[in-house]
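A structural walkthrough
The residues making up each chain are set out below.
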Amino acid sequence: MCGIVGVVGGMPASPLLLDGLRRLEYRGYDSAGIATLVNGHIERRRAEGKLANLAAILAQSPLPGVTGIGHTRWATHGAPTETNAHPHGTARVAVVHNGIIENHIDLRAELEAAGQIFSTETDTETIAQLLDLLLAEGATPVEAARAAFARLEGAYALAIIFSGHPELMIGAQRGAPLAVGYGETEMYLGSDALALAPLTQEIAYLEDGDWVVVSRAGAEFFDRDGAAITRVKKRTHLTGAAIGKGNFRHFMEKEMHEQPVVIGDLLHRMVDATTRLPALPILPFHPQTISRITISACGSGYYAGLVGKFWLEAYARICVEADVASEFRYRAPPMPDGGIGLLLSQSGETADTLAALRYMRAQNQAIVSIVNVAESSIARASDAILDTIAGPEVSVASTKAFTAQLTVLAVFTLAMARARGSMAEADIARLTASLLEIPAKAAEILAHEAAIQRLAIRIAEARDVLYLGRGGCYPIALEGALKLKEISYIHAEGYAAGEMKHGPIALIDKSVPVIAICPSGPLFEKTASNLQEAAARGGQIIVISDAEGAGKLGGIATETIILPAIDAFAAPILYAIPVQMLAYHVAMLKGTDVDQPRNLAKSVTVE
Ligand code: G6P
């Protein structure tokens, strides 16, 4: 799973490739590499670790040439070493790949038997060796590519260059996205339009099964049967301008602090200024006749989806199912007529979420996605999108995109409730008003981080941490645990407060902090009882609540974080912020790489 970029043209390739890779590092940062054609021969530079290492190597040992390919890797097959770094190839051909070749073991055995000598542990090298063999047998690059694509199983986006063909690059897409960019004197391939945006804004997207022959003169597209096809060139609105950290130490800190503005902008767009009631764009279904909404996503998007399920069931009275995309797509669940598929994705590129979408489409569901990148693969495959307009999120741990997803889901819920008549208009107005209070209250929380910093000192010493919540705040407990794991590497579990007595309570002793996400509201007393059970067993109870709730739990809490009071409906959005801040400050104390934590990637484009 990785980012790929390629260029054929009239300008030095290396700086263009490096620039494109910078915007693709969100797809992985285990290693990076580029290959160019120098006097017709393939030359490579590769480096283990982040792109900065490759840039340093290129500064010392520049790579000339105007045609080349580049790659930033999130390791799947083979350790994240320089040897396993892309591009892979031979003297005849070089390949960069995003995806997984599932029949690589069989292909490798076959190619080794035919005399090909492998030098890496990667699945990708089978593509290079297969092409090499076909070229050695006399095939032209186009013939070799056509024959090789027919042998590959699994998912791939590819960019390939050939020794002795300085104006040729071949690309292919199956299950992983690829875009063609049209420059003035050069042509590009890239995993997404963002990678290419500052280089060119004229983009054509490949569709699944397509492959493309790119030269300086343009691009010729073919379908999986080899028939010539047309893919429309569009103008992208992305700029790809470099994004800075401003005065913040990390992107995560900056993005947490952007939340009041992001949420405020979304509410401004989604709430009618005159009536102060939800106003949604036209959606591809009638709210009154929805049979079911099926939510699917990965990571934080899934947890946002779980809050959405709670809201849509309780307030809009719609049957909702929610599942992580990697499970959903393989469960073969039956889906009713008149159902809606609702996908959530910051990047819009997550492979499992895209596959879940395709499954839902095949089951005749209307597809709505909540995305942060309006030109992403998931957005383009949807009938309608609800854009989170959070701006680029760079930190791997999602913050502003998560609360933006929640905000969209909250307004969507109230709009559905209104259209279905499941709530009185006055109640909808009251809950909409509670959402409108969030930006100011979020800013207040972000401005008072001393209590969270103090709590972080205690949490940084823990080996295990439990987060508990109920109702709409149960997914916030899951999200809190995920954030802590991701960036501080401390083991944490999120649990439904009432379920704790069925297992996790056995873990509780004075060394295990129990963080309760418990705003005042209908479920408060129930959570309070569960906290009493934990306190009775010596647990360190840390309460995140409003003044009223904190007052009630003062007797058992070892620490308390007091948030501004808010209606229980809107609380999940507000309570997401202190759990983000806590993870951030613990990570700061631990000295981890906050924005690019080990082993992770911002967008996971393999299943
Ligand atoms: C990765 C990221 C998470 C994100 C998840 C889903 O795991 O680290 O922050 O929630 O992917 O990504 P998506 O772009 O689909 O929201």
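With respect to the helices, strands and loops of the structure, Ser545 is situated in strand 24 (residues 540–546). The class for Ser545 is buried, based on a relative accessible area of 0%. Looking at Ser545, its side chain comes within polar contact range of the main-chain oxygen of Cys518, at 2.7 Å. Sequence-distant contacts of Ser545, defined by excluding residues within four places in its chain, comprise Cys518, Pro519, Ser520, Phe524, Ala550, Ile561, Ile562, Leu563 and Tyr575.

Turning next to the sheet that holds strand 23 (residues 513–517). Pairing is parallel in the open sheet, where five strands are placed in the order 22-21-23-24-25. Both outer strands of the open sheet, strand 22 (491–496) and strand 25 (557–563), are each paired with one neighbouring strand and no more. The mean inter-strand angle of the sheet, taken between neighbouring strand axes irrespective of direction, is 20°. The pairing of strand 24 with strand 25 spans six bridges and is parallel. Counted as the bridge partner of Val543 is Thr560 from strand 25. Set on the sheet, helix 16 (residues 450–460) makes contact with strand 21 (464–469), strand 23, strand 24 and strand 25; between it and strand 25 the angle comes to about 145°. Of the strands in this sheet, strand 21, strand 23 and strand 24 are in contact with helix 18 (residues 524–535), which crosses strand 24 at around 165°.

One finds Ile293, Leu435, Tyr467 and Ile517 to be the most contacted residues of the largest nonpolar core, which totals 96 residues. Per-element tally for this core: the top contributor is helix 20 (residues 571–590), with 13 residues. The contacts of Ile293, once residues within four sequence positions are left out, are Leu312, Ile318, Cys319, Val320, Glu321, Ile340, Leu342 and Phe412. In terms of nonpolar packing, the next biggest core, distinct from the first, is built from 28 residues, Ile127, Tyr156, Val213 and Phe222 among them.

What follows is about the side chain of Ser191. Inspection of the secondary structure assignment puts Ser191 in the loop between strand 10 (186–190) and helix 6 (193–196). A distance of 2.8 Å separates a polar side-chain atom of Ser191 from the backbone nitrogen of Ile4. Residues within four places of Ser191 in sequence aside, it is in contact with Cys2, Gly3, Ile4, Leu24, Arg27, Pro177 and Leu178.

The subject of this paragraph is the pairing of strand 24. Taking burial as the measure, the seven residues of strand 24 include seven buried ones, the bulk of the element. As judged from the five bridges shared by strand 23 and strand 24, these two strands associate in the parallel manner. Within the sheet, the bridge partner assigned to Pro513 lies in strand 24 and is Gln540. Regarding topology, helix 18 serves as the crossover connection from strand 23 to the parallel strand 24, and that connection is right-handed.

Our focus in this paragraph is the site of the ligand. For the ligand, the set of nearby residues contains 14 residues, the closest of which are Ser300, Ser345, Gln346, Ser347 and Thr350. A distance of 2.6 Å separates an oxygen atom of the ligand from a polar atom in the side chain of Ser345. With respect to the ligand, the side chain of Thr350 contributes an N or O atom lying 2.4 Å from an oxygen atom. In isolation the ligand offers 390 Å² of accessible surface; the protein chains occlude 91% of this area. No other element matches the three residues that helix 9 (residues 299–314) contributes to the shell around the ligand. Residues that form the shell around the ligand fall into these classes: four nonpolar, eight polar and two charged.

Below, the discussion takes up the pattern of salt bridges. Note that side chains of opposite charge can pair when their charged atoms are close. As enumerated under the stated definition, the model contains 30 salt bridges in all. One salt bridge connects Arg23 with Asp19, and the closest N-O pair in it is separated by 3.3 Å. As a salt-bridge pair, Arg418 and Glu425 come within 3.7 Å of each other at their nearest N and O atoms. Salt bridges sharing partners connect three or more residues here, namely Glu207, Asp210 and Arg231.

As paired elements, strand 21 and strand 22 share six bridges and run parallel to each other. The residue bridging Tyr467 from the neighbouring strand is Gly494, located in strand 22.

Take the sheet that holds strand 16 (residues 292–297) next. Taken in spatial order, the five strands of this open sheet run 17-16-18-19-20, and their pairing is parallel. Each of the sheet's edge strands pairs with one partner strand only, and the pair in question is strand 17 (320–324) and strand 20 (384–387). Each neighbouring strand pair of the sheet contributes to a mean axis angle of 20°, computed without reference to strand direction. Sheet topology places strand 19 (residues 366–371) next to strand 20; four bridges connect them, and they run parallel. Note that in strand 20 the partner of Val368 across the bridge is Ala384.

Criteria and cut-off values
- Per chain, residues are indexed from 1 in the order of the written sequence.
- In view of the model being predicted, local features appear only for residues whose pLDDT reaches at least 70, and side-chain atom pairs are presented and counted only at 80 or more, with totals across whole chains, interfaces and linings using the full set of residues.
- Note that water and hydrogens are dropped before the side-chain values are worked out from all heavy atoms of the structure.
- Strands are runs of DSSP state E lasting at least two residues, helices are runs of H or I lasting at least four, and both sets are numbered from the N terminus onward.
- Partly exposed residues are those whose accessible area sits between 20% and 50% of the maximum for their type, while under 20% is buried and over 50% is exposed, using a 1.4 Å probe and protein chains only.
- Whenever two N or O atoms come within 3.5 Å, that pair is a polar contact, provided that in protein one can donate a hydrogen and the other can accept it, and provided that, for residues adjacent in sequence, both atoms are side-chain atoms.
- Contacts between residues were defined by any pair of non-hydrogen atoms, one from each residue, lying within 4.5 Å.
- Between any two strands, at least two bridges found by DSSP are needed for them to pair.
- As a rule, the C-alpha atoms of each element are fitted with a line to give its axis, helices using only the stretch in contact, and angles between N-to-C directions run from 0 to 180 degrees.
- Residue types Ala, Val, Leu, Ile, Met, Phe, Trp, Tyr and Cys, when buried and joined through side-chain atoms within 4.5 Å, form a set referred to as a nonpolar core.
- Every crossover in which the path from the first strand over the helix to the second runs clockwise, viewed with the strands pointing away from the viewer, is termed right-handed.
- Residues are counted as near a molecule or strand when any one of their heavy atoms sits within 4 Å of it.
- Using the Shrake-Rupley algorithm and a 1.4 Å probe, accessible areas are obtained, with residue cover drawn only from the displayed protein chains.
- Under the scheme applied here, ten amino acids are nonpolar (Ala, Val, Leu, Ile, Met, Phe, Trp, Tyr, Cys and Pro), four are charged (Asp, Glu, Lys and Arg), and all others, including Gly, are polar.
- Counted as salt bridges are all cases of a side-chain nitrogen of Lys or Arg within 4 Å of a carboxyl oxygen of Asp or Glu.

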